[in-house]
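# Breakdown of the fold
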Amino acid sequence: MYKVCAIGDSDSIFGFASVGLDVFPAEDEARALQLLRDAYKKEEYAVILITEKLACALQSEIARFDADVLPAVVPIPGTDGNTGLGLRALSRYVEQAVGSDILKD
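The following refers to the structure shown. This one's a predicted model, so the numbers in the text were calculated from it and none came from an experiment.

## Examining the nonpolar core
- Core analysis: the biggest nonpolar cluster contains 26 residues, and Ile7, Leu36, Ile48, Ile50, Ile62 and Val73 have the highest contact counts within it.
- Among the elements of the structure, β1 (3-8), α2 (29-42), β3 (45-51), α3 (52-57), α4 (59-65), β4 (72-76) and α5 (85-98) are those that each provide at least two residues to this core.
- Once residues within four sequence positions are removed from consideration, Leu36 is found in contact with Ile7, Ile48, Leu58, Glu61, Ile62, Phe65 and Val73.

## Considerations on the sheet that holds β3
- Taken in spatial order, the four strands of this open sheet run β2-β1-β3-β4, and their pairing is parallel. This sheet does not close on itself; its edge strands, each paired only once, are β2 (22-25) and β4. Here the strands of the sheet are splayed against their neighbours by 20° on average, with no regard to which way each runs.
- Two strands pair when backbone bridges link them, and β3 and β4 are joined in this way by five bridges, in the parallel orientation. Bridged to Leu49 within β4 is Val74.

Rules used in this analysis
- Residues numbered from 1 in each chain as written.
- Predicted model: local features only at pLDDT ≥ 70, side-chain atom pairs only at ≥ 80, totals over all residues.
- Heavy atoms only, no water.
- Core = buried A, V, L, I, M, F, W, Y, C linked by side-chain atoms within 4.5 Å.
- Buried < 20%, exposed > 50% of the residue type's maximum accessible area, 1.4 Å probe, protein only.
- Helix = DSSP H or I, 4+ residues; strand = E, 2+ residues; numbered from the N terminus.
- Contact = heavy atoms within 4.5 Å.
- Pairing = 2+ DSSP bridges.
- Axes fitted to C-alpha atoms, helices over the stretch in contact; angles between N-to-C directions.

Written out as structure tokens, the structure reads:
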């Protein structure tokens with residue numbers, strides 16, 4: 001069975017551990033890149049949640065995963081606020097899955 005993990009600053013992701021997700025704290029881009037690549041190589045994660053701040057910094061790496069079915073890399077808001085990147089990415093995934101952007105306002 002596939003799992004879900006979260007990558008980001010400690011304050012933003014540790015709550016996910018309480019619901020059974022694997023959490024990987026990363027306070028900087030280099031560590032986040034290493035964790036993202038490791039999670040991808042393990043082939044056990046269907047979804048990788050990553051804070052929007054780190055996702056912005058790692059967009060080129062994340063784009064490389066878009067051609068693959070799994071894992072879905074989904075940006076999430078961190079403690080520093082919501083940039084809208086996560087919702088835009090989720091809308092793109094939904095549109096690919098159902099053929100229409102049902103999340104559009």
